[in-house]
Amino acid sequence: MTDSKSKLLIIGVTGNLGFELANASLNASHPTLGLVRDSAFSDPNKLHKIQLLSDSGLKIVKGSLHDEESLIEALKQADVVICAVASKQVHDQKALISAMKRAGCIKRFIPSEFGSDPDRTRVSHLDHNFYSRKSEIRRLVESQGIPYTYVCCNFYTSYLLPSLVQPGLQAPPRDNVTIFGDGNVRGVFMKESDVAAFTISTVDDPRTLNKTMSLRPPGNTLSMNELVTVWESKIGKKLERNYISEEELLKRIQAMHCRNSISRQHAVGFHILGVCEGRSNLLRHRLIKRCGGNSVVSAHQIQNRCVSSSYSYMCHEFAVIGSCCCP
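These numbers were taken from a predicted model, which means no experiment stands behind them.

*Asks:* Any details on the overall build of the protein chain? Residues and values, ideally.
*Replies:* Secondary structure assignment for the protein chain yields 10 helices and 18 strands. Here the protein chain, with 327 residues, has 53% of them falling under the buried criterion. Partitioning the contacts of the protein chain with sequence separation of at least 6, the portion at a separation of at least 24 is 75%.

Next up, the structure:
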């Protein structure tokens, strides 16, 4: 059975999504390798993941994106490469692309995106070229003639839903809730395990070759008002809904820009602002622009359609899909 399945090399198996990708690949009976840096073995959390995956059948290959020889050695054992490195390492994929070209055996590459479509989402200069760097990787892949599939999966439920999208909270509110804009624009929420299963299902599907795949399950598409209503039905209580107007939002944006970093309590929500969280738990704001537009989209229009939120200095970026993808 496994003879007809592509051999997968997954880079980033000790991260949140990378771990799920490895599990999904093994569950789908793909011969699966994981490229792991030496430093991962000295991290207890990463070592635990490595042991779990190894026990499930993952072949561990020691190497690094910065060591071309070890990278090529790993590539020669694979048909498909899936990269799930942290967003701050996006440019490290340039070395991977060069190595794939040199190895000459890779039938498909799925780069580290798994958020908004970078070709359809634009952010102001405060995003430190977050999306332009991902688009740059796409263009490099295409210019090198490497077969690809791009996966755009939108928001991760584990990042936003535990607090009901309330900056600073660790659990959903039970008295009042803050809603940015009118709360009616809809966003898409995905579990990492579902994203992983979908991604693995594309690797041997000729229909997805050289295509961009967007995950938009209707049942996972909800507005902020709808999310609050669902929570209210669970707790049997109506919450006081505090709506932040566009004018007030823009004032906050300006204040954040002046201070450069803000606390979680003063961060504006996912569907209006993109946020960048560092290890110090300080947030930086970004205004979202529509691709092809000449001006910043108004706050109530962009809400959770065009917004991109990224944990740029942590394991994953999370982002909502472009507004044209969500009714």
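*Asks:* Break down the pattern of salt bridges for me, with residues and values.
*Replies:* Applying the stated criterion across every chain, the model contains 13 salt bridges. Glu136 is the partner of Lys94 in a salt bridge, and the nearest nitrogen-oxygen pair spans 2.7 Å. Of the two residues, Lys94 sits in helix H4 (residues 93-103) while Glu136 sits in helix H5 (residues 130-143), which places them 42 residues apart along the sequence. By relative accessible area, which is 33% here, Lys94 ends up partly exposed. Here the salt bridges share partners, and the residues they tie into one network are Glu113, Asp117, Asp119, Arg138, Arg139 and Glu142.

*Asks:* Residues and numbers for the packing of aromatic side chains, please.
*Replies:* Describing an aromatic ring pair means giving the distance of the ring centres and the angle of the ring planes. Applying the stated criterion to the full structure yields three aromatic pairs. Ring geometry for Tyr148 versus Tyr150: centroids 4.3 Å apart, planes at 15°, classification stacked. Here Tyr148 and Tyr150 have matching classes, each one buried. The cationic tip of Lys62 hangs over the ring face of Phe41; the distance from NZ or CZ to the ring centre is 4.9 Å.

*Asks:* Just give me the short version of the sheet that holds strand E10 (residues 186-190), but keep the residues and values in it.
*Replies:* Spatially, E8-E10-E12 is the arrangement adopted by the three strands of the open sheet, whose pairing is mixed. Of all the strands in the sheet, the pair left with one neighbour each is strand E8 (155-156) and strand E12 (221-223). Two strands pair when backbone bridges link them, and E8 and E10 are joined in this way by two bridges, in the parallel orientation. For Phe155, the partnering residue across the bridge sits in E10 and is Phe189.

*Asks:* Please give an account of the pairing of strand E2 (residues 32-36) that cites residues and values.
*Replies:* For E2, the buried fraction is high: five of the five residues fall into the buried class. Where strand E1 (residues 8-11) lies against E2, four bridges are found, and the strand directions are parallel. Bridging across to E2, Leu8 finds its partner in Thr32. With helix H1 (residues 16-27) bridging E1 and the parallel E2, this β-α-β connection has right-handed handedness. Taken together, E2, helix H2 (residues 44-55) and strand E3 (residues 59-62) constitute a β-α-β crossover, and its handedness is right-handed.

*Asks:* Provide a residue-level description of the environment of Gly104, including the pertinent values.
*Replies:* Take Gly104: it is sitting in the loop between H4 and strand E5 (108-110). By relative accessible area, which is 62% here, Gly104 ends up exposed.

*Asks:* Tell me what's going on with the nonpolar core, and back it up with residues and numbers.
*Replies:* Grouped together as the largest cluster of nonpolar side chains are 43 residues, with contacts concentrated most on Leu21, Ile82, Phe114, Val195 and Met224. Counting residues per element, this core draws most heavily on H1, which supplies six residues. Of all hydrophobic cores here, the second largest spans 27 residues; its members include Val61, Ile97, Ala99 and Ile146.

*Asks:* Run through H2, naming residues and quoting values.
*Replies:* The terminal C-alpha atoms of H2, which comprises 12 residues, lie 16 Å apart, in line with the 16 Å expected from a rise of 1.5 Å per residue. The set of residues buried in H2 consists of Lys49, Ile50 and Leu53. The buried residues of H2 occupy an angular sector of 100° when the element is viewed end-on, so they sit on one face. Those residues of H2 that are exposed and angled more than 90 degrees off the buried face are Pro44 and Asp55. For H2, the elements touching its buried residues are H1, E2 and E3. Its side-chain oxygen at 3.0 Å from the backbone nitrogen of Asn45, Asp43 defines the N-terminal cap of H2. Looking one or two residues beyond H2, the residue adopting positive phi is Gly57, at roughly 115°.

*Asks:* I'd like a rundown of the sheet that holds strand E4 (residues 80-83), residues and numbers included.
*Replies:* Sheet architecture is open: five strands sit in the order E3-E2-E1-E4-E5, paired in parallel fashion. Edge positions in the sheet fall to E3 and E5, since each has one partner strand and no second. Across the sheet, the mean angle from the axis of one strand to that of its neighbour is 20°, orientation sign disregarded. As defined by bridge partners, E1 adjoins E4 across four bridges and the pair is classed as parallel. If you follow Leu8 over to E4, its bridge partner there is Val80.

*Asks:* Talk me through the side chain of Gln93; I want residue IDs and the actual numbers.
*Replies:* Note that Gln93 resides in helix H4. For Gln93, a relative accessible area of 1% gives the class buried. Engagement of the side chain of Gln93 in a polar contact is seen with the backbone nitrogen of Ser112, the distance being 2.8 Å.

*Asks:* Any chance you could break down the packing of H1 against H2 for me, citing the residues and the numbers?
*Replies:* Relative placement of two packed helices is described by the angle separating their axes and the distance separating the axes. It is the contact of H1 with H2, at a shortest axis distance of 10 Å, that shows an interaxial angle of 10°. Classified by the angle between their axes, H1 and H2 sit roughly parallel to one another. Residues Asn16, Phe19, Ala22, Asn23 and Leu26 of H1 form the contact with H2, whose participating residues are Lys49, Leu52 and Leu53.

Each value, and the rule that gives it
- Residues numbered from 1 in each chain as written.
- Predicted model: local features only at pLDDT ≥ 70, side-chain atom pairs only at ≥ 80, totals over all residues.
- Heavy atoms only, no water.
- Helix = DSSP H or I, 4+ residues; strand = E, 2+ residues; numbered from the N terminus.
- Buried < 20%, exposed > 50% of the residue type's maximum accessible area, 1.4 Å probe, protein only.
- Contact = heavy atoms within 4.5 Å.
- Salt bridge = Lys/Arg side-chain N within 4 Å of Asp/Glu carboxyl O.
- Phe/Tyr/Trp six-rings, centres within 6.5 Å; stacked < 30°, edge-to-face > 60°.
- Lys NZ or Arg CZ within 6 Å of the ring centre and 35° of its normal.
- Pairing = 2+ DSSP bridges.
- Right-handed = clockwise from strand over helix to strand, strands pointing away.
- Core = buried A, V, L, I, M, F, W, Y, C linked by side-chain atoms within 4.5 Å.
- Expected span 1.5 Å × (residues − 1).
- Arc of directions from axis to C-beta.
- Polar contact = N/O pair within 3.5 Å; in protein donor to acceptor, adjacent residues only side chain to side chain.
- Axes fitted to C-alpha atoms, helices over the stretch in contact; angles between N-to-C directions.
- Parallel < 35°, antiparallel > 145°, perpendicular 65-115°, else oblique.

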